Amino acid sequence: MTDSAPTSPSKQIPNPMDSVQTHLDKEEVHSVIGTPAQPNDNKVLIGWKNSPDGNKALEHYLNKLAKPQDHVILLVVLPTTLFKSSGFGTDDKKMERKALRDLREHAQQLASEKIKLIEAKGATASLEIVHGERRYVIEWLALRRKVDLIILGRKKAHAPAKGLSKVFLGHPIGSTVQHVLHKVSVPVLVVN
């Protein structure tokens, strides 16, 4: 996509895809499927992955928060590279390209089931697949899509909480959640 993130005089967030070093074509680096959000929708960004943590965030939304006027953006962040170069040339690039495309297709299949669950609650949903580092992609997309709420699942195995995380949350959180909590200006719900 060619449009860039909105900027303000005090804060400019670079598009994380600008620095992506992947063997995919530029239009494959950020893809969107599903129903686009309408102007009056309450936009909810769920950092989703098909894991216990990623599913906790979505399940919490479906069971406790879903409203018909919501538009849910399921965000899947894929790595920018899968293999270290072995020095054998183009075969590495072809293998990586196929693996990244396979990951993207798998995410689309899984997300289409999740979109149906969201739509059954009366909300609309879309899937955005972005390549990059998760914490920066969430920050960038939250600003770009002007979301009203971010929901993230918390991993259980983290070091003891320190600083503000300990004071406000009372339990350890991961570096992605810490980054998002400190960098975005919208509410963030961290699901245990």
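Everything numeric in this text was worked out from a predicted model, so none of it was measured. (Residues numbered from 1 in each chain as written. Predicted model: local features only at pLDDT ≥ 70, side-chain atom pairs only at ≥ 80, totals over all residues. Heavy atoms only, no water.)

Thoughts on the overall build of the chain
Our working rule: The helix count covers DSSP runs of H or I at least four residues long, the strand count covers runs of E at least two residues long, and both are numbered beginning at the N terminus. Burial classification: accessible surface area is computed with a 1.4 Å probe over protein chains only, and a residue below 20% of its type maximum counts as buried, one above 50% as exposed, and the rest as partly exposed. Here, two residues are considered to be in contact whenever any of their heavy atoms come within 4.5 Å of each other. To measure how exposed things are, a 1.4 Å probe is used in the Shrake-Rupley method; for residues, cover is taken only from the protein chains shown.
What the chain contains, in helices and strands, is six helices and six strands. For the chain, the N- to C-terminal ordering of α and β elements is α-β-β-α-β-α-β-α-β-α-α-β. Going through the 192 residues of the chain one by one, you find that 42% of them count as buried. Expressed as a percentage of contacts within the chain between residues at least 6 apart in sequence, the contacts between residues at least 24 apart total 76%. Only carbon and sulfur atoms are counted for the fraction: they give 54% of the accessible area of the chain, which is about 10800 Å².

With respect to the packing of helix α4 (residues 134–144) against helix α6 (residues 175–183)
Here is the rule: In this analysis, axes come from line fits to C-alpha atoms, helices being fitted only over the stretch in contact, and the angle between any two N-to-C directions falls in the range 0 to 180 degrees. Throughout this description, any angle smaller than 35 degrees is read as roughly parallel, any larger than 145 degrees as roughly antiparallel, any in the 65 to 115 degree range as roughly perpendicular, and the remainder as oblique. Crossing handedness is read from the near helix: turned anticlockwise from the far helix by less than a right angle, it gives a left-handed crossing, and turned clockwise, a right-handed one. Amino acids are sorted into nonpolar (Ala, Val, Leu, Ile, Met, Phe, Trp, Tyr, Cys and Pro), charged (Asp, Glu, Lys and Arg) and polar (every other residue, Gly among them).
Between α4 and α6, the shortest axis-to-axis distance is 9 Å and the interhelical angle comes to 30 degrees. The orientation of α4 with respect to α6, classified from their angle, is roughly parallel. As for the relative orientation of α4 and α6, their crossing is right-handed in sense. Here α4 contributes Arg134, Arg135, Tyr136, Ile138 and Glu139 to the contact with α6, which in turn contributes Ser175, Thr176, His179, Val180 and Lys183. For the contact of α4 with α6, the per-class residue count stands at three nonpolar, three polar and four charged.

Section: the pattern of salt bridges
Rules: Think of a salt bridge as a Lys or Arg side-chain nitrogen and an Asp or Glu carboxyl oxygen that are within 4 Å of each other.
Applying the stated criterion across every chain yields a total of three salt bridges. One salt bridge connects Arg145 with Glu128, and the closest N-O pair in it is separated by 2.6 Å. Taken together, the positions of Arg145 in the loop between α4 and β5 (149–153) and Glu128 in strand β4 (residues 124–131) put the pair 17 residues apart, joining distant regions of the chain. A relative accessible area of 2% places Glu128 in the buried class. Across the pair Glu133 and Arg135 runs a salt bridge whose closest N-O atoms are separated by 3.0 Å.

What about the UniProt feature "coiled-coil region" (unreviewed entry) in the chain?
Formally: UniProt positions are given in the numbering used here, feature names are shortened, and annotations may be inferred rather than shown by experiment.
Residues given the UniProt feature "coiled-coil region" (unreviewed entry) here are residues 93–120. For residues 93–120, the helix share is 100%, the strand share is 0%, and the end-to-end C-alpha distance is 41 Å.

Topic: α4
Within α4, eight of the eleven residues are buried, which leaves the element mostly enclosed by the surrounding structure. Along α4, the residues that are buried comprise Arg134, Val137, Ile138, Glu139, Trp140, Leu141, Ala142 and Arg144.

Here's the deal with the confidence of the model for the chain
Going by this rule: The quantity called pLDDT is the predictor's confidence in a given residue, expressed from 0 to 100.
Taken over all residues, the pLDDT of the chain has a mean of 75, while the share at 70 or more is 65%. Across the chain, element-level confidence peaks in strand β2 (residues 42–47) with a mean pLDDT of 94 and bottoms out in helix α5 (residues 163–169) with 47. Segment residues 158–172: pLDDT under 50, and 18 contacts once partners within four positions in sequence are set aside and those in other chains are kept.

Re the pairing of β4
Put simply, the test is: At least two DSSP bridges between two strands are needed for those strands to be called paired.
In terms of burial, β4 is a largely internal element, seven of the eight residues being buried. As judged from the eight bridges shared by strand β3 (residues 70–78) and β4, these two strands associate in the parallel manner. Within β4, the position partnered with Val76 by the bridge is Ile129.

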